Amino acid sequence: MAIFVRTKYAMRDGMRVSTKREANDLLTEVDLAVQEEIVARIRTAFPEDQIFAEENGLHELPANRDGRTWLIDPIDGTQNFVRGLFPAFGVSLGFAVNGKPVAGGVAVPGKGELFLAEKGGGAFRNGERIVVSDVDAMGSARAEIDFSGPWDREEILQKFSPLMVAIGQVRCHCAAVIGLCSIATADMDAYVHVALNPYDYAAAMIIVEEAGGLVTRLDGSPIHVFDGGRGVLASNRLLHDALIDVIV
Ligand code: IPD
Ligand code: CA
Ligand code: CA
């Protein structure tokens, strides 16, 4: 799968791209092909399980919100994938029970990286254990404020302006899985978004948690992936309370 995505990336000038809700909300043939392949494998191995995925009409809420559910984002960071911001895109597959991610995998084909985590078993990058940072002061912390698309910008400005002033460094990959996994590897200390979908963060959420971090709604309340909430705050845990204090 990762090799397929890398190959398509290398040939992206000829790639078929269409738009979804707005002109810069993109869909490529690769999103569809990757999702189709993952869905086919899940349906063969776990025919009873529910699937919640970004493309092809699979984003209806599952009938049983607490049931065994696979969450797929075939390419997260599609803008980067299409326009060549390498390697900030990933393939994301999470598995949730009772609304809590219990296993997740994120492949980052552009870096040859595979992140894996399972509840209680730790988080790994290419087989090596990863752990969050020990940065505990806002002034020396590095956060991703995910700027998303224009449809989210007013809310982002309103909620995160004080954070932008308070935090030591600001980054934006605009690929949720990259921002979140960067906390698990201690390259970043926090990540915020006003409106993620469950397939954007389910896999990376368990990866961050198993690396020692914390992932909640923006007010610090726990996440059930199908609770209808949108905001996501992830951190190395040490900074979590301070981050909640500056989010409006
Ligand atoms: C997007 C990315 C981005 C976030 C957007 C998402 P996509 O997913 O996760 O970081 O800001 O809100 O839609 O469209 O590249 O799969
Ligand atoms: Ca996404
Ligand atoms: Ca996507």
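Thresholds applied
Residues numbered from 1 in each chain as written. Chains lettered and ligands numbered in written order. Predicted model: local features only at pLDDT ≥ 70, side-chain atom pairs only at ≥ 80, totals over all residues. Heavy atoms only, no water. Helix = DSSP H or I, 4+ residues; strand = E, 2+ residues; numbered from the N terminus. Expected span 1.5 Å × (residues − 1). Bend = angle between axes of the 7 residues up to and from the residue. Buried < 20%, exposed > 50% of the residue type's maximum accessible area, 1.4 Å probe, protein only. Contact = heavy atoms within 4.5 Å. Phe/Tyr/Trp six-rings, centres within 6.5 Å; stacked < 30°, edge-to-face > 60°. Lys NZ or Arg CZ within 6 Å of the ring centre and 35° of its normal. Polar contact = N/O pair within 3.5 Å; in protein donor to acceptor, adjacent residues only side chain to side chain. Domains from an automatic or database assignment. Buried area = accessible area lost by both parts, 1.4 Å probe. Salt bridge = Lys/Arg side-chain N within 4 Å of Asp/Glu carboxyl O. Nonpolar A, V, L, I, M, F, W, Y, C, P; charged D, E, K, R; others polar. Core = buried A, V, L, I, M, F, W, Y, C linked by side-chain atoms within 4.5 Å.

### Things to note about helix α4 (residues 150-166)
Step number 1: Look at α4: 24 Å from first C-alpha to last across 17 residues, which is about the 24 Å you get at 1.5 Å a residue.
Step number 2: Approximately 55° is the largest bend angle found in α4, and it occurs at Phe 160, with the proline Pro 162 only one to four residues beyond.
Step number 3: Among the residues of α4, those classed as buried are Asp 152, Ile 156, Lys 159, Phe 160 and Leu 163.
Step number 4: Close packing links the buried residues of α4 with β10 (142-145), β12 (190-193) and α7 (240-246).

### A short note on the packing of aromatic side chains
Each aromatic ring pair is described using two quantities: the centre-to-centre distance and the angle formed by the ring planes.
Step number 1: Taken as a whole, this structure holds 7 aromatic pairs when the rule is applied.
Step number 2: An angle of 35° between the planes, with centres 5.2 Å apart, marks the rings of Tyr 9 and Phe 89 as tilted. Of this pair, Tyr 9 sits in helix α1 (residues 2-10) while Phe 89 sits in the loop between α3 (78-83) and β5 (90-97), and the two are 80 residues apart along the sequence. In this structure, Tyr 9 and Phe 89 share a single accessibility class: buried.
Step number 3: The ring of Tyr 9 carries the charged tip of Arg 12 above its face, separated from the ring centre by 4.3 Å.

### Observations concerning the side chain of Asp 76
Step number 1: Tracing the chain through its elements places Asp 76 in strand β4 (residues 69-76).
Step number 2: Exposure remark for Asp 76: the relative accessible area of 6% places this residue in the buried category.
Step number 3: A polar atom in the side chain of Asp 76 sits 2.9 Å from the backbone nitrogen of Val 177.
Step number 4: In this structure Asp 76 touches Ala 88, Phe 89, Gly 90, Ala 175, Ala 176, Val 177 and Asp 200, once residues within four positions along its chain are discounted.

### Describing the domain arrangement of the protein
Many analyses report the size of an interface as the accessible area lost when the parts associate.
Step number 1: Domain annotation of the protein identifies domain 1 (2-129) and domain 2 (138-247).
Step number 2: Inter-centroid distance (C-alpha atoms) of domain 1 to domain 2 is 19 Å.
Step number 3: Counting from both sides, the interface comprises 48 residues of domain 1 and, opposite them, 27 residues of domain 2.
Step number 4: For the pair domain 1 and domain 2, the two sides together bury roughly 2,700 Å², of which 68% comes from carbon and sulfur.
Step number 5: One can count 0 salt bridges joining domain 1 with domain 2.
Step number 6: Inspection of the region where domain 1 meets domain 2 yields 9 residue pairs in polar contact (both at pLDDT 80 or more).
Step number 7: Elements supplying a minimum of two residues to the side of domain 1 that touches domain 2: β3 (50-53), β4, β5, β6 (100-108), β7 (113-118) and β8 (123-125).
Step number 8: Of the residues forming the side of domain 1 that touches domain 2, the biggest block, 8 residues, is contributed by β6.
Step number 9: Looking at side-chain class alone, the side of domain 1 that touches domain 2 contains 20 nonpolar, 15 polar and 13 charged residues.

### Here we look at the nonpolar core
Step number 1: With 38 residues, the main nonpolar core has Leu 71, Val 106, Tyr 201 and Ile 207 as its most contacted residues.
Step number 2: Secondary-structure elements contributing two or more residues to this core are β6, β7, α5 (176-184), α6 (198-210) and β14 (232-235).
Step number 3: The element that contributes the greatest number of residues to this core is α6, accounting for 9 residues.
Step number 4: The residues that make up this core include at least three from each of domain 1 (2-129) and domain 2 (138-247).
Step number 5: Setting aside residues no more than four positions away along its own chain, Tyr 201 makes contact with Leu 180, Leu 196, Arg 217, Ile 223, Val 225 and Val 232.

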